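Working through the structure, step by step
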Amino acid sequence: MQLRPVPRNIDRPNRTPEFVMTYLTVHFVVLFFTQKALIAIILGMLSVYLMYKVTLDKPEGLALRLIYRKIPLGKMRPSPAVCKRLEV
């Protein structure tokens, strides 16, 4: 009986959904405000690169934690900037 080998980066974080959401958000916001597709594409790629550099060697979901910390999401639950008890 032989065991199958385990992939080396099995615990590596998968940030593909975060990169896609970052690109699409920046791309469509810039496209909505400027109506220039080339600028929107370039800024979308730049935002993904910056997010990659910020979240390098960090756990998954760091971008969402940073957004949650800076932007209040409704009136029901205050952000950690206002209420330190709810900080993740």
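Use the structure listed above.
Treat the numbers as computed from the prediction; the structure is a model and nothing was measured.

A word on the packing of aromatic side chains. Scanning the entire structure with this criterion turns up 2 aromatic pairs. Seen in terms of ring centroids, Phe19 and Tyr52 are 6.4 Å apart; in terms of plane orientation they differ by 55°. Their pairing is tilted. On the criterion of sequence distance, the pair formed by Phe19 in helix α1 (residues 16-34) and Tyr52 in helix α2 (residues 37-54) is long-range, its members being 33 residues apart. Relative to Phe33, the ring of Phe32 lies with its centre 5.3 Å away and its plane at 75°, an arrangement referred to as edge-to-face.

Moving on to the side chain of Thr22. As for its placement among the helices and strands, Thr22 is situated in helix α1. A polar atom in the side chain of Thr22 sits 2.8 Å from the backbone oxygen of Glu18. Apart from residues no more than four positions distant in its own chain, Thr22 is found in contact with Ser47, Val48 and Met51.

Here the focus is the side chain of Arg15. Within the fold, Arg15 resides in the segment before α1. Residue class for Arg15 comes out buried when judged on its relative accessible area of 10%. Within the structure, the side chain of Arg15 is placed 3.1 Å from the backbone oxygen of Thr55, a separation counted as a polar contact. The contacts of Arg15, once residues within four sequence positions are left out, are Thr55, Lys58, Pro59 and Glu60.

Thresholds applied
The written sequence of each chain sets the order in which its residues are numbered from 1. The predicted origin of the model limits local features to residues at a pLDDT of at least 70 and limits the giving and counting of side-chain atom pairs to 80 or more, whereas totals for whole chains, interfaces and linings rest on all residues. With hydrogens and water stripped out, all remaining heavy atoms of the structure feed into the side-chain values. A pair of Phe, Tyr and Trp rings is counted when the ring centres sit within 6.5 Å of each other, with Trp represented by its six-membered ring. The angle between the planes then sorts it: under 30 degrees is stacked, over 60 is edge-to-face, the rest tilted. Secondary structure elements are defined from DSSP: runs of H or I of at least 4 residues count as helices, runs of E of at least 2 residues count as strands, and each element is numbered from the N terminus. Residues adjacent in sequence count toward polar contacts only when both atoms are side-chain atoms; beyond that, a polar contact is any pair of N or O atoms within 3.5 Å, and within protein one must be able to donate a hydrogen and the other to accept it. Any two residues whose heavy atoms approach within 4.5 Å at even a single point are treated as in contact. For the exposure calls, accessible area comes from a 1.4 Å probe over protein chains only, and a residue counts as buried if that area is under 20% of its type's maximum, exposed if over 50%, partly exposed in between.

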